[in-house]
Amino acid sequence: MQVKEIKMVDLKTQYERLKIEIDAGIADVINNTQFIKGPQVKKFEENLSAYLGGSQVISCANGTDSLQIAMMALGYQPGDEVITASFTYVATAEVIALLKLKPVLVEVNPDTFTIDPAAIEAAITPKTKAIVPVHLFGQCADMEAIMKIAAKHNLHVIEDNAQAIGADYFFSDGTKAKSGTIGTVGSTSFFPSKNLGCYGDGGALNTSDNVLAKKIRMIANHGQSIQYVHDEIGVNSRLDSIQASVLDVKLKYLDDFAARRISVADNYDNAFKDLKNVQTPVRAKNSTHVFHQYTLLLKDGNRDEVRKKLADKGIPSMIYYPIPLHQQKAYRDERYKDGAFPITEELCKSVLSLPIHTEFEEEELKFITDTFKEAIQ
Ligand SMILES: *Cc1c(COP(=O)(O)O)cnc(C)c1O
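Residues numbered from 1 in each chain as written. Predicted model: local features only at pLDDT ≥ 70, side-chain atom pairs only at ≥ 80, totals over all residues. Heavy atoms only, no water.

The next subject is the packing of aromatic side chains. Summed over all chains, the structure comprises 16 aromatic pairs. Here Tyr 268 and Tyr 294 contribute two aromatic rings whose centre-to-centre distance is 4.7 Å and whose plane-to-plane angle is 55°, an arrangement assigned as tilted. Of the two residues, Tyr 268 sits in helix α9 (residues 254-272) while Tyr 294 sits in strand β13 (residues 294-298), which places them 26 residues apart along the sequence. An identical accessibility class is assigned to Tyr 268 and Tyr 294; each is buried. (Phe/Tyr/Trp six-rings, centres within 6.5 Å; stacked < 30°, edge-to-face > 60°. Helix = DSSP H or I, 4+ residues; strand = E, 2+ residues; numbered from the N terminus. Buried < 20%, exposed > 50% of the residue type's maximum accessible area, 1.4 Å probe, protein only.)

Laid out in structure tokens, this is it:
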């Protein structure tokens, strides 16, 4: 019998742990009333930049905007092609389509679920402008291979880092870099349930290209260079000061949050290692995994049944993602018939994400693992 309600993400207990600092930060914003462009925003951008090893940070209103602003700043024209993964959250493809660019979907690796570099290379045409790898569920795509392909074909790389902030990528020469700092530009989300989440919407871009950073800042602020002077068509996309104050507190704990998530994942891995019909998350050899999600593959086609058995015992689970992009009504395209991405289609039928967050207690985890093992029989 567990007492506490089990949640996919427990933001309440985390808040209670950080309450004094978070409340003080929010009170500061209210007291000085600079709700937009307050000093908290600049401070958070500087602190995140330092965390990312010096890459310049430009905050914005949400993760989807960060992808859109990146593509606007890089100056793509209607019809330009942007390559991204067929297995991802809709936002990645959405902004490509919104800007009248052409989303070119490619297959993912069946083990790590991240974009397959060989499939990228095969999809390049003279119209290709960028590759958007998604660091899905908390580990980096194969960035070394992707950067090589990009260099060879003179393409930008926009890292969708919404799920992997804080992860480290290791190059074959022994050097390492933070996720999101390897490509032309990194893009992330501070949606509440993300690993670095605020108490509303938020997002950011980062780049070490100073000219691009300046352009991104301008586009995020109505294309304005000086107040009321507009050099470009931009958007209104701002991180507000209250969100920045929350993020600045949480940033200090980001590595601790990751360690807690990894320990939950280790616990699950260990409990499930002998289950024959279950594939626990495969960790890429060149990236740490910060476990935005703990996503299993259920190989017996019994996912609905397992989910129901878990739910009956009060354990939530989620399917990220149930329908591949190319089979969504809004993204149907004659280029991509059913069966066009067999790995993605299979993943959508067999993935299952279990609760993972920073606030688990041992008994809760034991209850989840015991119940899952029973449910899978
Ligand atoms: C969450 C997410 C986004 C979008 O972020 P929002 O802040 O919700 O707009 C984009 N890409 C991926 C992979 C995400 O998980």
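Picking up after the structure, the text goes on.
Attention now goes to the pattern of salt bridges. For the structure shown, the criterion picks out 21 salt bridges. In this structure, Asp 168 engages Lys 178 in a salt bridge whose closest nitrogen and oxygen atoms are separated by 3.1 Å. You can see Asp 168 sitting in strand β6 (residues 168-170) and its partner Lys 178 sitting in strand β7 (residues 176-178), a full 10 residues away along the chain. The exposure classification of Asp 168 matches that of Lys 178, with both residues buried. For Glu 232, the salt bridge is made with Lys 215, and the minimal N-O distance between the two is 3.8 Å. Of the two residues, Glu 232 is situated in the loop between β11 (229-230) and α8 (241-252) and Lys 215 in helix α7 (residues 210-220); the sequence distance between them amounts to 17 residues. According to the relative accessible area criterion, Glu 232 is partly exposed, its value standing at 31%. Taken together, the shared-partner salt bridges connect Asp 266, Asp 269 and Arg 283 into one network. (Salt bridge = Lys/Arg side-chain N within 4 Å of Asp/Glu carboxyl O.)

As a general point, the strands of a sheet are linked pairwise by backbone hydrogen bonds and lie either parallel or antiparallel. Pairing within the open sheet is antiparallel, and its three strands lie in the order β12-β13-β14. Edge positions in the sheet fall to β12 (278-279) and β14 (351-354), since each has one partner strand and no second. Direction of pairing for β12 relative to β13: antiparallel, over a ladder of two bridges. Pairing of Gln 279 across the sheet is with Leu 297, part of β13. Strand contacts of α9: β13 and β14, with the helix running at about 20° to β13, the strand carrying the most contacts. Where helix α10 (residues 303-312) meets the sheet, its contacts fall on β13 and β14, and the angle it forms with β14 comes to roughly 15°. (Pairing = 2+ DSSP bridges. Contact = heavy atoms within 4.5 Å. Axes fitted to C-alpha atoms, helices over the stretch in contact; angles between N-to-C directions.)

A few words now on α9. The terminal C-alpha atoms of α9, which comprises 19 residues, lie 27 Å apart, in line with the 27 Å expected from a rise of 1.5 Å per residue. Listed as buried for α9 are Leu 254, Phe 257, Ala 258, Arg 261, Val 264, Ala 265, Tyr 268, Asp 269, Ala 271 and Phe 272. Those residues of α9 that are buried lie in contact with α1 (11-32), α2 (39-51), α8, β13, β14 and α12 (362-376). (Expected span 1.5 Å × (residues − 1).)

Before going further, it helps to examine the site of the ligand. Contacts to the ligand come from Asn 62, Gly 63, Thr 64, Tyr 89, Ala 91, Val 134, Asp 160, Ala 162, Gln 163, Ser 189, Lys 194 and Gly 202. One of the side-chain N or O atoms of Ser 189 is found 2.7 Å from an oxygen atom in the ligand. Protein contacts shield 92% of the accessible area of the ligand, which totals 380 Å² for the unbound molecule. Its residues assigned to classes, the shell around the ligand shows four nonpolar, six polar and two charged. (Near = heavy atom within 4 Å. Polar contact = N/O pair within 3.5 Å; in protein donor to acceptor, adjacent residues only side chain to side chain. Areas by Shrake-Rupley, 256 points an atom, 1.4 Å probe, with all protein chains shown as cover. Nonpolar A, V, L, I, M, F, W, Y, C, P; charged D, E, K, R; others polar.)

We now examine unusual backbone geometry. Here the residue pair Tyr 320 and Tyr 321 is connected by a cis peptide bond, since its omega of 5° sits within 30 degrees of zero. Inspection of the secondary structure assignment puts Tyr 321 in the loop between α10 and α11 (342-350). Within the chain, Phe 113 stands out as a residue other than glycine whose phi angle is a positive 65°. Topologically, Phe 113 is positioned in the loop between β3 (102-106) and α5 (117-123). Even without a glycine there, the phi angle at Tyr 228 is positive, about 70°.

Next up on the list: the packing of α1 against α8. Relative placement of two packed helices is described by the angle separating their axes and the distance separating the axes. The geometry of α1 relative to α8 is characterised by a closest axis approach of 9 Å and an angle of 130° between their N-to-C directions. As judged from the angle between their axes, α1 and α8 are oblique. Both α1 and α8 take part in a crossing whose hand is right-handed. The residues of α8 that touch α1, namely those facing Leu 11, Gln 14, Leu 18, Glu 21, Ile 22, Gly 25, Ile 26, Val 29 and Ile 30, are Ser 241, Ile 242, Ser 245, Val 246, Val 249, Lys 250 and Lys 252. Looking at side-chain class alone, the contact of α1 with α8 contains nine nonpolar, four polar and three charged residues. (Parallel < 35°, antiparallel > 145°, perpendicular 65-115°, else oblique. Left-handed = near helix turned anticlockwise from the far one by under 90°.)

Everything listed is a geometric property; what it means functionally is a separate question.
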